[in-house]
Amino acid sequence: MNRPILIGITGGTGSGKSTVAREIYKQFGDKCIAMIEQDSYYKDQSNLSFEERLKINYDHPDAFDNLLLVKHLNLLIEGQVIEKPIYDFEIHNRIDETITVEPKEIIIFEGILVLAEKVLRDMLDIKIYVDTDADVRFIRR
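Here's a quick rundown of the structure. Given the structure is predicted, the values throughout are model-derived calculations rather than measurements.

1. Quick notes on the packing of aromatic side chains
Item 1. Under the counting rule described, the total for this entry stands at 6 aromatic pairs.
Item 2. Between Y42 and Y87 the ring centres are 4.8 Å apart and the planes differ by 50 degrees, which places this aromatic pair in the tilted class. Here Y42, found in the loop between β2 (33-37) and α2 (50-54), pairs with Y87, found in strand β3 (residues 82-88); they are 45 residues apart in sequence, far enough to count as distant.
Item 3. By relative accessible area, Y87 is classed as buried at 9%.
Item 4. Members of the aromatic cluster, each reached through a chain of ring pairs, are Y42, Y58, F64, Y87 and F89.

2. What to know about helix α1 (residues 17-28)
Item 1. Its 12 residues place the ends of α1 17 Å apart at the C-alpha level, agreeing with the 16 Å of an ideal helix rising 1.5 Å per residue.
Item 2. Note on α1: the residue one or two positions beyond its end, G29, has a positive phi of about 85 degrees.

3. Overview of the pattern of salt bridges
Item 1. Under the defined criterion, the tally for this structure stands at 5 salt bridges.
Item 2. Residue R3 pairs with D125 through a salt bridge whose shortest N-O separation is 2.7 Å. Of the two residues, R3 is situated in the segment before β1 (5-11) and D125 in the loop between α4 (118-123) and β6 (126-130); the sequence distance between them amounts to 122 residues.
Item 3. E23 is paired through a salt bridge with K26; the nearest N and O atoms lie 3.0 Å apart. With E23 and K26 both in helix α1 and 3 residues apart, the pair spans about one turn of that helix.
Item 4. Residue classification places K26 among the exposed residues on the basis of a relative accessible area of 61%.

4. Regarding helix α3 (residues 66-77)
Item 1. For α3, which comprises 12 residues, the first-to-last C-alpha distance of 16 Å matches the rise-based estimate of 16 Å (1.5 Å per residue) to within 8%.
Item 2. Buried residues of α3: N66, L69, V70, H72, L73, L76 and I77, and no others. Buried residues in α3, looked at end-on, bunch into an arc of 165 degrees, giving them a common side. Away from its buried face by more than 90 degrees, α3 exposes L67 and K71.
Item 3. Those residues of α3 that are buried lie in contact with β1, β2, β3, β4 (93-101), β5 (106-110) and α4.

Thresholds, definitions, all that
- Residues numbered from 1 in each chain as written.
- Predicted model: local features only at pLDDT ≥ 70, side-chain atom pairs only at ≥ 80, totals over all residues.
- Heavy atoms only, no water.
- Phe/Tyr/Trp six-rings, centres within 6.5 Å; stacked < 30°, edge-to-face > 60°.
- Helix = DSSP H or I, 4+ residues; strand = E, 2+ residues; numbered from the N terminus.
- Buried < 20%, exposed > 50% of the residue type's maximum accessible area, 1.4 Å probe, protein only.
- Expected span 1.5 Å × (residues − 1).
- Salt bridge = Lys/Arg side-chain N within 4 Å of Asp/Glu carboxyl O.
- Arc of directions from axis to C-beta.
- Contact = heavy atoms within 4.5 Å.

Shape is all these values report; function is a separate question.
In structure tokens, the structure reads:
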């Protein structure tokens, strides 16, 4: 398999980036596209109480486990299978289960801070920014 194409899709909260990612996915299907959602890579917060987890700024680059994310993207690029974490927004933490992701021809990486970290930005072959008016995003949120 050739090196997969890594597409980054980003935009503000409620901008429609997940919708764009899903539409691309629907056009090509799961035979050639792997989906990686940045939200799956929020840091494990098992060491914090629920009340402490509620105080975290989840819209900050430090909220993400970028080491694991970069590792997983590199493994997919190398043609290896990963176990993608599952993040539960109700408990503000990862759960024990994971989702097996197979390497594919196209990897879509979607999230609010996809372009925030240079190492992630430099990995992307295509960068898509979904620009949506702040009023529309606020209503969607």
